[in-house]
Amino acid sequence: MKAVCFLLLLGAAVQAVKLSVDSVKYSIISAKGEPSTKSLSPTEKSSSEVVTISQDQTLKLSFQVVDKVTGKGVQPEQAFLRFYDEQSGEEGIQPVRVTSSGKAKFDLSLAKPPASLPPTSSAPLKVTLLLGASSYAPAKLELFNLHIPASHPAPTHPDEAKFHILPELAHTFRPDPKLPARAVSALFAGLVLVVPWTILLGLWSSISPRVPRLFSPNILPFTASLGAFEFLLYRYWVDLKLGDVLTYGAVLGIVTVFTGRHALASIADRRLGNQK
């Protein structure tokens with residue numbers, strides 16, 4: 001039990017060791033190559049240091065990460081510069097490469113700004129150094145407030161309007177069509193049903209067709225098979241599927257062929273008998 005407590009206290013003591021930075025300097029190099037160097041004293045509170053660079057200037061930042069107790073250089077596993085615009089809420093995180101001795105450098109040129117630099121406005125960017133190492137407590141150090149020219153607004157994408165809120169769609173439906181009077185519907189229904197049959201029967205009576213043996217025992221099966229075909233087509237229109245129609249149609253086709261041959265043979269025999 002004592003050993004466990006000792007390990008916990010040892011771990012807490014290790015985590016209590018903090019990282020710090022030393023020799024923090026920044027230089028502003030003009031387009032003519034004239035540097036202006038100044039030292040910084042980072043703190044965990046908000047920094048009052050203000051750094052301003054123009055479009056043709058370059059900012060160079062250098063520092064060394066050290067153990068706050070021993071003062072020796074330390075290479076943290078994680079080192080980032082955070083650029084934060086308190087007015088717009090935009091931020092950018094820039095990784096920083098640190099050598100084994102704890103020294104690090106970072107250059108910011110507005111001629112070719114890094115992708116991590118957020119869109120800027122008239123408000124300054126709050127620059128913070130974030131450090132992390134497995135054997136040390138994490139460190140968050142405020143460096144300075146950076147004033148840079150406001151960035152141009154992002155170009156408008158041609159499909160941007162599609163992602164905006166559109167006005168609510170208002171559907172206009174046509175009124176229900178008015179039904180004609182029942183008398184008119186009955187009149188036209190009667191014309192459709194009666195007139196074709198009247199014309200058919202009138203023409204049939206004018207030519208006086210003779211079918212004396214239509215219902216004879218030799219011809220009636222063929223007539224019935226033709227009627228079965230008509231009934232099959234009606235059932236297909238009502239509820240049968242195509243596969244069922246083809247199956248029943250194949251059976252009826254065989255029956256119709258034999259009954260038709262028998263009907264034709266009987267008619268031929270009768271004609272031959274009459275000729276004799």
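Residues numbered from 1 in each chain as written. Predicted model: local features only at pLDDT ≥ 70, side-chain atom pairs only at ≥ 80, totals over all residues. Heavy atoms only, no water.

Student: Can you lay out the overall build of the protein for me, pointing to particular residues and giving the numbers?
Tutor: When helices and strands are tallied, the protein shows four helices and nine strands. The N-to-C order of helical and strand elements in the protein reads α-β-β-β-β-β-β-β-β-β-α-α-α. The buried share of the protein, taken over its 276 residues, is 25%. Of the roughly 20,500 Å² that the protein leaves accessible, carbon and sulfur atoms contribute 63%. Treating the 28 positive side-chain charges of the protein as one cloud and the 21 negative ones as another, the clouds have centres 12 Å apart. (Helix = DSSP H or I, 4+ residues; strand = E, 2+ residues; numbered from the N terminus. Buried < 20%, exposed > 50% of the residue type's maximum accessible area, 1.4 Å probe, protein only. Areas by Shrake-Rupley, 256 points an atom, 1.4 Å probe, with all protein chains shown as cover. Lys, Arg positive; Asp, Glu negative; His and termini not counted. Charge placed at Lys NZ, Arg CZ, Asp CG, Glu CD.)

Student: Summarise the nonpolar core; cite the residues concerned and give the values.
Tutor: If you look at the biggest cluster of nonpolar residues, it comprises 35 residues, and the most contacted ones within it are Ile-53, Leu-59, Phe-63, Leu-81, Phe-144 and Leu-146. If you list the elements that add at least two residues to this core, you get β1 (19-29), β4 (58-67), β5 (78-85), β7 (103-109), β8 (125-132) and β9 (139-147). Every residue in contact with Phe-63, bar those within four places of it in the chain, is listed here: Val-21, Asp-22, Ser-23, Val-24, Val-96, Gly-102, Lys-103, Ala-104 and Leu-129. (Core = buried A, V, L, I, M, F, W, Y, C linked by side-chain atoms within 4.5 Å. Contact = heavy atoms within 4.5 Å.)

Student: Explain the pattern of salt bridges to me, using residue names and the numbers behind them.
Tutor: Tallying each qualifying case throughout the model produces six salt bridges. Across the pair Lys-60 and Asp-107 runs a salt bridge, and its minimum N-O distance is 2.8 Å. With a gap of 47 residues between them, Lys-60 in strand β4 and Asp-107 in strand β7 connect regions that are remote in the sequence. The exposure class of Lys-60 is partly exposed, given its relative accessible area of 33%. Between Arg-82 and Glu-91 there is a salt bridge, with the nearest N and O atoms lying 2.7 Å from each other. (Salt bridge = Lys/Arg side-chain N within 4 Å of Asp/Glu carboxyl O.)

Student: Help me get a handle on a nonpolar patch on the surface, residues and values and all.
Tutor: Taken together, the side chains of Val-184, Leu-187, Phe-188, Leu-191, Val-195, Ile-199 and Leu-203 make up a nonpolar region of the molecular surface, amounting to roughly 640 Å² of accessible area. Residue Val-184 is classed as partly exposed on the basis of its relative accessible area, which comes to 39%. (Patch = residues over 30% accessible without salt bridge, like charges linked within 9 Å, V, L, I, M, F, W, Y side chains within 5 Å.)

Student: Give a description of the sheet that holds strand β2 (residues 35-39) that names residues and reports values.
Tutor: One open sheet holds the four strands; their spatial order is β2-β1-β4-β7, and the pairing between them is antiparallel. Of all strands in the sheet, those with a lone pairing partner are β2 and β7, marking the two edges. Taken pair by pair, the neighbouring strands of this sheet meet at an average axis angle of 20 degrees, ignoring direction. Pairing analysis gives seven bridges linking β4 to β7, with the strands arranged antiparallel. Of the residues in β7, the one forming a bridge with Lys-60 is Asp-107. (Pairing = 2+ DSSP bridges. Axes fitted to C-alpha atoms, helices over the stretch in contact; angles between N-to-C directions.)

Student: Account for the packing of aromatic side chains, naming residues and giving values.
Tutor: Summed over all chains, the structure comprises three aromatic pairs. Seen in terms of ring centroids, Tyr-26 and Phe-144 are 5.8 Å apart; in terms of plane orientation they differ by 45 degrees. Their pairing is tilted. Remark: Phe-144 occurs in strand β9 and Tyr-26 occurs in strand β1; sequence separation between them is 118 residues. Exposure class is identical for Tyr-26 and Phe-144. Each is buried. Pairing Phe-231 with Tyr-234 gives two aromatic rings, centres 6.2 Å apart and planes at 40 degrees, and the pair type is tilted. Pair noted here: Phe-231 and Tyr-234 are both in helix α3 (residues 220-238), with a separation of three residues, about one helical turn. In this structure Phe-231 comes out as exposed when scored by relative accessible area, which is 53%. For Tyr-234, a relative accessible area of 45% translates into the label partly exposed. Over the ring of Tyr-84 we find Arg-82, and its NZ or CZ is 4.4 Å from the ring centre. (Phe/Tyr/Trp six-rings, centres within 6.5 Å; stacked < 30°, edge-to-face > 60°. Lys NZ or Arg CZ within 6 Å of the ring centre and 35° of its normal.)

Student: Outline helix α2 (residues 182-207), listing residues and values.
Tutor: Relative to the 38 Å expected for 26 residues at 1.5 Å per residue, α2 spans 38 Å between its end C-alpha atoms, a close match to the ideal helical length. At Val-194, α2 is bent by approximately 25 degrees, the largest bend along its length, and proline Pro-196 sits one to four residues beyond. Trailing α2 by a residue or two, Ser-208 shows a phi angle of about 50 degrees, which is positive. (Expected span 1.5 Å × (residues − 1). Bend = angle between axes of the 7 residues up to and from the residue.)

Student: Any chance you could break down the environment of Val-21 for me, citing the residues and the numbers?
Tutor: Relative to the elements of secondary structure, Val-21 occurs in strand β1. Residue Val-21 is classed as buried on the basis of its relative accessible area of 11%. For Val-21 and Ala-139, which are 118 residues apart along the polypeptide, the C-alpha to C-alpha distance reads 9.6 Å. Ignoring anything within four residues of it in the chain, the contact list for Val-21 reads Pro-42, Phe-63, Gln-64, Val-65, Val-66, Leu-129, Leu-131 and Leu-141.

Interpretation in functional terms is not warranted from these geometric data alone.
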